[in-house]
Each structure stands twice: as structure tokens, then as C-alpha cells.
Amino acid sequence: IVHWATCTGCVTKRRVAIKRIPIKESMYIDMAREIHVMASCSHENIVRFWTSFVYKTELWIVMDLLDGGSIRQIIEKRIRDKHDWYN
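Residues numbered from 1 in each chain as written. Predicted model: local features only at pLDDT ≥ 70, side-chain atom pairs only at ≥ 80, totals over all residues. Heavy atoms only, no water.

Novice: Please explain the overall build of the protein as it appears in this structure.
Specialist: The helix and strand tally for the protein stands at 2 helices and 4 strands. Written out in order from the N terminus, the α and β elements of the protein read β-β-α-β-β-α. The C-alpha atoms of the protein give 15 Å as radius of gyration, which overshoots the globular expectation for 87 residues (12 Å, by more than 25%). With the principal axes as the frame, the protein shows a C-alpha extent of 45 × 35 × 25 Å. Of the roughly 7300 Å² that the protein leaves accessible, carbon and sulfur atoms contribute 57%. (Helix = DSSP H or I, 4+ residues; strand = E, 2+ residues; numbered from the N terminus. Rg over C-alpha atoms; globule rule 2.2 N^0.38 Å. Areas by Shrake-Rupley, 256 points an atom, 1.4 Å probe, with all protein chains shown as cover.)

What follows is the structure in C-alpha cells.
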């Protein structure tokens, strides 16, 4: 599940995406590794990771909001529109 929100504590009032992932106890080590990798990535072609936290039984990941949809949605639209998906 992905929601969007406005960061009221930010100077620019930026919009962010909040991805909610159900977690099981057996997933904690893998999630910690993935969060560490996401937090250490800094590149213009990678979505910016802001923070993450566990709330009840879900991992919430806060990142920049991209309004274009998922990469899968973009590829499927390009295929439907008869464009080469790789352009």
C-alpha cells in the first residue's frame, strides 16, 4: 500500500510517498539490510529515501513522491500505446 502525504515539518512542504509493507518477525534482518542500502544510495536516478519506521505490524518507508506511477504502469502504458518499452 502506498499513500502520499505532505511533509509539514519540511521547509518546502514537499510531498512524499509512504509505502506500507506488512512484516513478519522472520523478515527483520532482510528489512534492516534493505533499509541500510536505501539510506546509503544517493543518485539522481534513484528515488530519495527519507526515513522508515515500524508501526504496529507494518514497515513504513518514507521517500520522494514520483507522480508518474510505478515503473510497471509506465512500461504497460508504453506497450499499449505501441511504443518500444525501452525508449
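Novice: What exactly am I supposed to notice about the sheet that holds strand 3 (residues 49–55) here?
Specialist: The sheet built from 4 strands is open, its strands ordered 1-2-4-3 with antiparallel pairing. Taken across any chain shown, the strands that pair with only one partner, and hence form the sheet edges, are strand 1 (2–6) and strand 3. The average undirected angle you get between the axes of adjacent strands in this sheet is 25°. Taken together, the 7 bridges between strand 2 (residues 15–22) and strand 4 (residues 58–64) define a ladder with antiparallel strand orientation. Opposite Val16, over in strand 4, you have Asp64 as the bridge partner. (Pairing = 2+ DSSP bridges. Axes fitted to C-alpha atoms, helices over the stretch in contact; angles between N-to-C directions.)

Novice: Looking at this model, I keep getting lost on the packing of aromatic side chains. Mind explaining?
Specialist: Aromatic ring pairs are defined here through the distance separating the ring centres and the angle between the ring planes. Inspection of the entire model under this criterion finds 2 aromatic pairs. Clustering of aromatic rings is evident, with ring pairs tying together Phe53, Tyr55 and Trp60. Over the ring of Trp4 we find Arg15, and its NZ or CZ is 4.6 Å from the ring centre. (Phe/Tyr/Trp six-rings, centres within 6.5 Å; stacked < 30°, edge-to-face > 60°. Lys NZ or Arg CZ within 6 Å of the ring centre and 35° of its normal.)

Novice: Explain the pairing of strand 4 here, please?
Specialist: Consecutive residues of a regular strand have side chains that alternate between opposite faces of the sheet. Of all 7 residues in strand 4, 6 are buried; the element is thus mostly enclosed. Of the strand pairs in this sheet, strand 3 and strand 4 are connected by 6 bridges, and their pairing is antiparallel. Paired with Thr51 across the bridge in strand 4 is Val62. The antiparallel pairing of strand 3 with strand 4 creates a hairpin that spans 2 residues between the two strands, and Lys56 there sits at a positive phi of about 55°. (Buried < 20%, exposed > 50% of the residue type's maximum accessible area, 1.4 Å probe, protein only.)

Read these as layout, nothing more, since geometry by itself doesn't imply function.
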